[in-house]
Amino acid sequence: MRTAAAERIDAIWRIESARLIAGLARIVRDVGLAEDLAHDALVTALERWPESGIPDNPGAWLMTTAKRRAIDLLRRNKLRDQKYEEYGRGAELYTVQDVENALDGGIGDDLLRLIFTTCHPSLSQEARVALTLRLLGGLTIEEIAQAYLVAESTIAQRIVRAKRTLSAGKVPFEAPEGVELAERLSSVLEVVYLMFNEGYAASSGSSWIRPLLCQEALRLGRILAEIAPGEPEVHGLVALMEIQSSRFKARVSGSGELILLMDQNRALWDQLLIRRGLTALERARRQGRPLGPYALQAAIAACHAEARTAQETDWARIAALYEALSRVMPSPIVELNRAVAIAMAFGPAFGLQLVDALASESALQDYHLLPSVRGDLLVKLGRMEEARSEFERAASLARNVPERELLLQRAADLGTDGT
Amino acid sequence: MRFMMIVKATEDTEAGVMPSQELVEAMQRYNEELVKAGVLLAADGLMASSNAIRISYPEPGGKPKITDGPFTEVKEIIAGYTLIEVKSREEAIEWAMRMPDPHGHGAGQIELRQVFDPMDLSGNPETKAKEAALREQLEQINNG
């Protein structure tokens, strides 16, 4: 059983740790060491605060304490540590004033440096996710392990190795600039969206897995929007996640089955999150640059969010947005979605033409949604026999049982004689 | 999980007395902190109860009774709210403790309430047991 004090430590860690680690990493140039120092400071605080009372600015208190420890540590390791010279200079360069700046104005930049470091390309995808959840999200190893359904030791190792890789590779604690920025930013956004999708998929597969990852990804996205406000794709990603999250309560039935977007009870959509999503999308547009893949996907999600009923969906607009999306992110899956939107907007025959053109795409050969979409369109065109065999084919390709059953049911509903 | 920090009304808020510049600035700083931490969902201040109404149902199945404001029991009136999304009750408490004293003259009161969410199963003992069992299984697989 965890004690109340331990839970309090977690809560303060959660609120303060990212800022502390980011500020300290700028001084000591090593995220692993920065994390240790931040943690030591927190433990000291928890020993002292019960007697002395909580200071007015706990963050500043923790930062000052951690910085003092950093300097002590560097002095003690004077002879052993080759980095002493660097640190020693660092310790003198950074005065109390700097520490205060690190807590106020400069903290956004430090946080940005930290997330660029935890999402560094020298780390594997899963290491990036784990390290970001730990250092930016302030999650415990236990929570990360729970969210990914892996052993705690696995996550702990992953994080230790990631920190070692960063140290060994002498990855500078800096935010990239110029041409590098776009590429590195897309790596950061990818990590956040990966996290979100992992949570989104898990919460549908077995509904009792809590959507912690979705919430965490959304929180990281909201933080990014504050520290990198000039990047339209950051707002685009936030918008996309806010709007997708708004459907949480509507997308799973009481018995745990997935409910498709068009069949969802829109009264269950979270209007607060939709409003936040639309505001974020507006911020993306206001940057005055062409919309990127996340903002375009968010714009599509927004079309659904703004339709009060499924019938009111503006499919022509969605088709146009998919076309724009296919230009910035060419993919046969985007094309398939565009075909669906075209069919909804202009009739199934137009959609079918596009779907048939995709039949030769090698990437879609084993993709169950291609025959499933084709089956749908054939039903609408009254070609029941062909539709039935498409649903059967889709069922044979489906990746999970509920999906397969749904498709077989649709085939069976069409009857053996195709009526 | 979501929590609502509810700021209770005072004689001043009910009388339409504006808070001091200092308090307004402290509140702004606090809200900015919440935004930067990615936890703020919404925050609003409410007007005094003088233009409010209350609808009550004194008779079961009967007609509603409408009472015009202002209302007298000041401490039972809400003056504003801040809705946050956090990971734990403890985190919500930490944030609530950091909200500036909303009145500053001895009458400030904040109430922290958790928003009911049927999707949030994290507090459910059955869920926790299931998770623990599954993780134990995984540890065994990973270790052996």
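None of these values were measured; they are calculated from a predicted model.

Conventions and cut-offs
Residues numbered from 1 in each chain as written. Chains lettered and ligands numbered in written order. Predicted model: local features only at pLDDT ≥ 70, side-chain atom pairs only at ≥ 80, totals over all residues. Heavy atoms only, no water. Helix = DSSP H or I, 4+ residues; strand = E, 2+ residues; numbered from the N terminus. Buried < 20%, exposed > 50% of the residue type's maximum accessible area, 1.4 Å probe, protein only. Contact = heavy atoms within 4.5 Å. Areas by Shrake-Rupley, 256 points an atom, 1.4 Å probe, with all protein chains shown as cover. Arc of directions from axis to C-beta. Patch = residues over 30% accessible without salt bridge, like charges linked within 9 Å, V, L, I, M, F, W, Y side chains within 5 Å. Salt bridge = Lys/Arg side-chain N within 4 Å of Asp/Glu carboxyl O. 1 Å grid on protein atoms, 1.4 Å probe; cavity = no way out; pocket = protein on both sides within 12 Å on 5 of 7 lines; lining within 4 Å. Points joined across faces, edges and corners; volume = space filled by probe spheres on them. Domains from an automatic or database assignment. Buried area = accessible area lost by both parts, 1.4 Å probe. Polar contact = N/O pair within 3.5 Å; in protein donor to acceptor, adjacent residues only side chain to side chain. Nonpolar A, V, L, I, M, F, W, Y, C, P; charged D, E, K, R; others polar. Pairing = 2+ DSSP bridges. Axes fitted to C-alpha atoms, helices over the stretch in contact; angles between N-to-C directions. Parallel < 35°, antiparallel > 145°, perpendicular 65-115°, else oblique. Left-handed = near helix turned anticlockwise from the far one by under 90°.

Mind showing me how you'd approach the overall build of chain B here?
Of the regular secondary structure elements, chain B holds 4 helices and 6 strands. Residues classed as buried in chain B amount to 34% of the 144 residues present. Partitioning the intrachain contacts of chain B with sequence separation of at least 6 by distance along the chain shows that 72% fall at a separation of at least 24. Surface summary for chain B: the accessible area is close to 9000 Å², and the carbon and sulfur share equals 55%.

Help me understand helix α17 (residues 348-358) of chain A in this model?
Note: α-helices contain 3.6 residues per turn, so residues at a spacing of three or four share the same orientation. Residue and element names in this part refer to chain A. What α17 keeps buried is the set Gly351, Leu352, Val355 and Leu358. Looking straight down α17, one finds its buried side chains confined to an arc of 115°; they lie on one side. Opposite the buried face of α17, by more than 90 degrees, sit the exposed residues Gln353 and Ala357. Summarising the contacts, the buried residues of α17 are in contact with α16 (332-346) and α18 (369-380).

I keep staring at unusual backbone geometry and nothing clicks. Help me out?
Of all residues except glycine, most have a negative phi; of all peptide bonds, most are trans. Put simply, B:Gly69 and B:Pro70 share a cis peptide bond, and its omega is -5°. Residue position: B:Pro70 is located in the loop between β4 (65-68) and β5 (78-85). A positive phi angle, near 50°, is found at A:Lys170, a position not held by glycine. Its place among the elements puts A:Lys170 in the loop between α9 (152-168) and α10 (178-205). The exposure class of A:Lys170 is exposed, given its relative accessible area of 66%.

Hey, could you run me through a nonpolar patch on the surface in this one?
Taken together, the side chains of B:Ile53, B:Ile55, B:Tyr57 and B:Ile66 present a nonpolar region at the surface, about 450 Å² in accessible area. You can see B:Ile66 is positioned in strand β4.

How do you make sense of empty space enclosed by the protein when you look at a structure like this?
A water-sized probe, rolled over the atoms, reveals where empty space remains. Applying the stated criterion to the full structure yields 6 cavities of 30 Å³ or more. By volume, the largest cavity amounts to about 180 Å³. What lines the largest cavity is a set of 16 residues, and nearest its centre among them are A:Arg19, A:Leu111, A:Ile223, B:Lys36 and B:Ala37. Inspection of the lining of the largest cavity shows a minimum of three residues originating in each of domain 1 (1-114) and domain 3 (184-305) of chain A.

Got a minute to help me understand the domain arrangement of chain A in this structure?
Interface size, as often reported, equals the accessible area lost upon joining of the parts. Residue and element names in this part refer to chain A. Partitioning chain A into domains gives domain 1 (1-114), domain 2 (119-172), domain 3 (184-305), domain 4 (314-355) and domain 5 (366-419). Distance from the C-alpha centre of domain 2 to the C-alpha centre of domain 3: 23 Å. Contact residues are listed per partner, giving 16 residues for domain 2 and 15 residues for domain 3. Summed over both sides, the interface of domain 2 with domain 3 buries roughly 1400 Å², with 70% coming from carbon and sulfur. When the area that domain 2 buries against domain 3 is broken down by residue, the three leading residues are Cys119, Gln125 and Tyr148, summing to 29%. The interface formed by domain 2 and domain 3 includes 0 salt bridges. Seen at the junction of domain 2 and domain 3, the total is 3 residue pairs in polar contact (both at pLDDT 80 or more). Of all elements in the fold, only α7 (125-135) and α8 (141-148) reach the threshold of two or more residues within the side of domain 2 that touches domain 3. Of the residues forming the side of domain 2 that touches domain 3, the biggest block, 5 residues, is contributed by α7. Each residue belonging to the side of domain 2 that touches domain 3 can be placed in one class, and the counts come to 9 nonpolar, 5 polar and 2 charged.

Looking at this structure, how should I read the sheet that holds β5(B)?
Within a sheet, each strand pairs with its neighbour through backbone hydrogen bonds, oriented either parallel or antiparallel. Residue and element names in this part refer to chain B. The 4 strands lie next to each other as β2-β5-β1-β6, forming an open sheet whose pairing is antiparallel. At either end of the open sheet lies a strand with only one pairing partner, and these are β2 (40-45) and β6 (110-114). With strand direction ignored, the average angle separating the axes of adjacent strands in the sheet is 15°. Two strands pair when backbone bridges link them, and β2 and β5 are joined in this way by 5 bridges, in the antiparallel orientation. From the neighbouring strand, Leu40 faces β5, where its bridge partner is Ile84. The sheet strands contacting helix α2 (residues 21-36) are β1 (2-8), β2 and β5, and the helix crosses β2 at an angle near 160°.

Looking at this structure, how should I read the packing of helix α14 (residues 293-306) of chain A against helix α15 (residues 315-328) of chain A?
How two helices pack is summed up by the angle between their axes together with the distance between the axes. Residue and element names in this part refer to chain A. At a minimum axis distance of 9 Å, the contact between α14 and α15 shows a crossing angle of 170°. The angle between the axes of α14 and α15 places the two elements in the roughly antiparallel class. By crossing handedness, the relation of α14 to α15 is classed as left-handed. Listed contacts from α15 to Pro293, Leu296, Gln297, Ala299, Ile300, Cys303 and His304 of α14 are Trp315, Arg317, Ile318, Leu321, Tyr322, Ala324, Leu325 and Val328.

Is there a simple way to think about the pattern of salt bridges in this case?
Oppositely charged side chains are able to pair whenever their charged atoms sit close together. The final tally for this structure, using the stated rule, is 34 salt bridges over all chains. Residue A:Arg338 pairs with A:Glu335 through a salt bridge whose shortest N-O separation is 3.3 Å. Linking A:Arg338 with A:Glu335, this pair stays in helix α16, spanning 3 residues, or about one helical turn. Each of the salt bridges in this network shares a partner with another, and the network as a whole consists of A:Arg222, A:Glu242, A:Asp270, A:Arg276, B:Arg2 and B:Glu85.

Looking at this structure, how should I read the pairing of β1(B)?
For a regular strand, the rule is simple: side chains alternate between the two faces of the sheet. Residues and elements named next belong to chain B. Most of β1 is tucked away, with 6 of its 7 residues classed as buried. Of the strand pairs in this sheet, β1 and β5 are connected by 7 bridges, and their pairing is antiparallel. In the strand pairing of β5, Lys8 is matched with Ile78.

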